[in-house]
Amino acid sequence: MSSKVFKLIAEEAHRQKYGLEMIPSENYVSKDVLRALGSILTNKYSEGFPGRRYYGGNEVIDKIENYAVDLAKELFGVPAAFVQSYSGSPANQAITMAVCEPGEIVMGLALSSGGHLTHGAKLNFSSIFFKAVNYTVGEDWKINFGELEALAKKHKPKMIWVGTTAYPFKLDYKKFRKIADEVNATLVADISHITGLIIGGVHESPVPYVDIIMTTTHKTLRGPRGAMILVTDRGLKRDPEIKGKIERAIIPGIQGGPHNHQTAAIAVSLEEALKPSFKKYAAQVAKNAAVLARELGTVSETHLILLTLTEYGYGMGYQAQYALEEAGITVNKNTIPGEPASPFYPSGIRLGTPALTTRGMKEKDMVKVASWIKMVLEEIRSLDLPEEQEKRKDFLKEVRVKLHQNKNLKKIRKEVEKFAGKFPMPGVDDI
Ligand SMILES: Cc1ncc(COP(=O)(O)O)c(C=O)c1O
């Protein structure tokens, strides 16, 4: 081991094993996924698509990509799949470019309501090069279909996104379809967060309702970082040219050579997702999230929990994230619908169960995890965010130091490390 990097990888492996990884978009991949990802396939250039490459020597790469595409089609029951997008954001860019001309109208859930940047957020390509219209959630935190329908009728979008990144409820694709049909919009589902739940039958599949689907491969699907674009029968009927448009958007539109090692690792993860054991995993992810949510005094119909911290004080997201990190529990600060503090200093945290479930944790473990989380949150009471904006940065610096010295958090961290270390870690412990 010559590189300094390997020492740092070992350090990170230790952190991942002895902590509770609760960022809902993260997971642990298998040893086989890691093997494919770390393989010699990274050496090869393959611009183009199987049978139509710009470079020679791609006969094996063609077989790998065709295999990944076939597995994706089988898993989701769709007639077309594309596996070359480097990640979710460029995949969403490719879909938008394939469906819309620059400047046309795209509708998506607002970032502040749990949507994703690429669905029309300010400063993102989706609102710089296209005209973005955002719909939101109501007071019950659920998608406001009345507003969505009114906005769609007013703006006549070319494309509507149905997809979320911080939304703890199931999605009603039928309702989205009805509205998309009323204005003749292409309906695109971004199922990145919930792919695993859909494969496992915990959530309804959008395939019968939408035209195109995008999913990242590294969240509940448990694959490498990457993404897939799927076209449904309905989507092909709507636009028989859509396959070529998506291909041209991927290359030459956005990307160059595909990451063949990543394609191979996606294929391995799709093989794993086709096994009956994956269904059990997905069901357990949702059961764990429901118990965790209940213990924390809220609800979840998915893999994630959006927790309001207003009962602990004003603008407590950062403080909670820091305190939990000190205790070995990794979550992210998040805005809550109707954010009372600030998008930069939000009032909530987002946490989930996909990674803990991969490590073998069950409902009783979630009760324990929730009790640690509640104990940690007690330590941030009275650390309210200053109302004066100019004081906030320095205040949070002091809070970090204070939390780092907190004896109760140190004690909880020891317990967490002992607990987490008992669960094997895929890719490292060879479970
Ligand atoms: C719903 C959704 N779409 C797209 C993405 C973007 O994926 P990536 O981070 O791989 O670009 C994410 C990632 O968080 C997401 O949650």
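All residue numbers refer to positions counted from 1 along the written sequence of the respective chain. A pLDDT threshold of at least 70 governs which residues receive local features in this predicted model, and a stricter bar of 80 or more applies before side-chain atom pairs are shown or counted, although totals over entire chains, interfaces and linings include all residues. Heavy atoms throughout the structure, all of them, feed into the side-chain values; hydrogens and water do not.

## Details of the environment of H116
- Only DSSP runs of H or I with at least four residues qualify as helices, and only runs of E with at least two residues qualify as strands; both kinds are numbered from the N terminus onward. Note on placement: H116 falls in the loop between strand 5 (105-109) and helix 5 (125-128).
- The class for H116 is partly exposed, based on a relative accessible area of 24%.
- Residues H116 and M97 lie 19 residues apart in sequence; the distance between their C-alpha atoms is 17 Å.
- Side chain to side chain, H116 and T118 meet in a polar contact 2.8 Å long. A simple rule labels every residue: compare its accessible area, found with a 1.4 Å probe on the protein chains alone, to the largest value its type can have, and call it buried under 20%, exposed over 50%, or partly exposed in between. Side-chain atoms alone can form a polar contact between residues adjacent in sequence; in general such a contact is a pair of N or O atoms within 3.5 Å, and within protein one must be able to donate a hydrogen while the other accepts it.

## Here's the deal with the site of the ligand
- Near the ligand there are 14 residues, and of these S87, G88, S89, D190 and K219 occur at the shortest range.
- At 3.0 Å, a side-chain N or O of T165 approaches an oxygen atom of the ligand.
- In this structure, K219 approaches the ligand through a side-chain N or O atom, which is 3.4 Å from an oxygen atom.
- In these tables, accessible area is a Shrake-Rupley quantity obtained with a 1.4 Å probe, and a residue counts as shielded only by the protein chains included in the view. Calculation on the ligand without its partners gives an accessible area of 390 Å², and the protein chains cover 84% of this total.
- For the shell around the ligand, the elements supplying multiple residues, two or more each, are helix 4 (88-99) and strand 9 (212-216).
- No other element matches the three residues that helix 4 contributes to the shell around the ligand.
- When its residues are assigned to classes, the shell around the ligand shows one nonpolar, 11 polar and two charged. Working definition: residue near molecule or strand if any one of its non-hydrogen atoms lies within 4 Å of it. Note that Gly is not counted as nonpolar here; it falls among the polar residues with everything else outside the nonpolar set of Ala, Val, Leu, Ile, Met, Phe, Trp, Tyr, Cys and Pro and the charged set of Asp, Glu, Lys and Arg.

## Notes on the sheet that holds strand 14 (residues 348-352)
- Here, any two strands with at least 2 DSSP bridges between them count as paired. Taken together, three strands build an open sheet; the order of strands is 11-14-13 and the sheet is antiparallel. In this open sheet, the two strands that pair with only one neighbour each are strand 11 (304-308) and strand 13 (332-334). Direction aside, neighbouring strands of the sheet carry axes that sit 35 degrees apart on average.
- In terms of strand pairing, strand 11 meets strand 14 through five bridges, oriented antiparallel. Interaxial angles span 0 to 180 degrees and are taken between N-to-C directions of axes, which are lines fitted to C-alpha atoms, for helices over the stretch in contact.

## Side note on the domain arrangement of the chain
- Each domain's extent was defined by an automatic or database domain assignment. Looking at the chain, the domain boundaries give domain 1 (31-273) and domain 2 (303-421).
- Taken over C-alpha atoms, the centre of domain 1 sits 31 Å from the centre of domain 2.
- Each partner contributes to the roughly 1,000 Å² buried at the junction of domain 1 and domain 2, and carbon and sulfur atoms together form 64% of this total.
- We define a salt bridge as a contact between a side-chain nitrogen of Lys or Arg and a carboxyl oxygen of Asp or Glu at a distance within 4 Å. Applying the counting criterion to the domain 1 and domain 2 interface returns zero salt bridges.
- Joining domain 1 to domain 2, the criterion identifies four residue pairs in polar contact (both at pLDDT 80 or more). By buried area we mean how much accessible surface two parts lose on assembly, using a 1.4 Å probe and totalling the loss over both.

## A closer look at the environment of G48
- Note on placement: G48 falls in strand 2 (residues 48-49).
- By relative accessible area, G48 is classed as buried at 12%.
- For the pair G48 and G256, spaced 208 residues apart in the sequence, the C-alpha separation amounts to 8.4 Å.
- Contacts are assigned to residue pairs that have any heavy atoms within 4.5 Å of one another. Sequence-distant contacts of G48, that is, excluding residues within four places in its chain, are made with R53, Q84 and I251.

## Observations concerning the nonpolar core
- Residues Y135, I143, I160, Y173, F176 and M228 are the most contacted members of the largest nonpolar core, which totals 57 residues.
- For this core, the element with the most residues is helix 3 (residues 59-76), which contributes six residues.
- Not counting the four nearest positions on each side in its chain, Y173 is found in contact with V162, L187, A189, I191, I194, I198, E204, S205, P206, Y209 and V210.
- To qualify as a nonpolar core, a set must consist of buried Ala, Val, Leu, Ile, Met, Phe, Trp, Tyr and Cys residues joined through side-chain atoms within 4.5 Å. Within the second largest apolar cluster, 43 residues are counted, among which are I329, L383, V399 and A420.

## What to know about the sheet that holds strand 10 (residues 227-231)
- The mixed open sheet is built from seven strands, whose spatial order is 4-10-9-8-7-5-6. Unpaired on one side and paired on the other, strand 4 (80-82) and strand 6 (131-135) mark the two borders of the sheet. When the angles between neighbouring strand axes are averaged without regard to direction, this sheet yields 20 degrees.
- Inspection of the sheet shows strand 7 (residues 159-163) paired to strand 8 (residues 186-190) by five bridges, in the parallel sense. Paired with V162 across the strands is A189, a residue of strand 8.

## Some thoughts on the packing of aromatic side chains
- Geometry of aromatic contacts follows a simple scheme: Phe, Tyr and Trp rings, the Trp one being its six-membered ring, pair when their centres are within 6.5 Å, and the pair is stacked under 30 degrees between planes, edge-to-face over 60, tilted otherwise. All chains considered together, the criterion is met by 11 aromatic pairs.
- For the pair Y45 and Y55, a centre-to-centre distance of 5.2 Å together with 35 degrees between the ring planes defines the contact as tilted. Separated by 10 residues along the polypeptide, Y45 in the loop between helix 2 (31-37) and strand 2 and Y55 in the loop between strand 3 (52-53) and helix 3 bring together distant segments of the chain.
- Taking the relative accessible area as the measure of exposure, Y55 reaches 35% and is therefore partly exposed.
- Considering the side-chain rings of Y318 and Y345, the 5.7 Å spacing of their centres and the 40 degrees angle between planes classify their relative orientation as tilted. Of this pair, Y318 sits in helix 13 (residues 317-326) while Y345 sits in the loop between strand 13 and strand 14, placing them 27 residues apart in sequence.

## A word on helix 12 (residues 276-295)
- In this scheme, a helix's expected span is set at 1.5 Å multiplied by one less than its residue total. Relative to the 28 Å expected for 20 residues at 1.5 Å per residue, helix 12 spans 29 Å between its end C-alpha atoms, a close match to the ideal helical length.
- Those residues of helix 12 not exposed but buried are F278, Y281, A282, Q284, V285, A286, N288, A289, V291, L292 and A293.
- Buried positions along helix 12 lie against helix 8 (195-199), helix 11 (260-273), strand 11, strand 14, helix 14 (354-358) and helix 15 (363-378).
- Positive backbone phi, at 80 degrees, marks G297, one or two positions downstream of helix 12.

## Observations regarding the pattern of salt bridges
- Inspection of every chain in the model, using the stated rule, returns 22 salt bridges.
- Close ionic contact of K17 with D429 constitutes a salt bridge, the shortest N to O distance being 3.0 Å. Here D429 lies in the segment after helix 17 (407-421) and K17 lies in helix 1 (residues 4-18), a separation of 412 residues in the sequence.
- The exposure class assigned to K17 is buried, which follows from its relative accessible area of 14%.
- A salt bridge links D211 to R177; the nearest nitrogen and oxygen atoms lie 3.1 Å apart.

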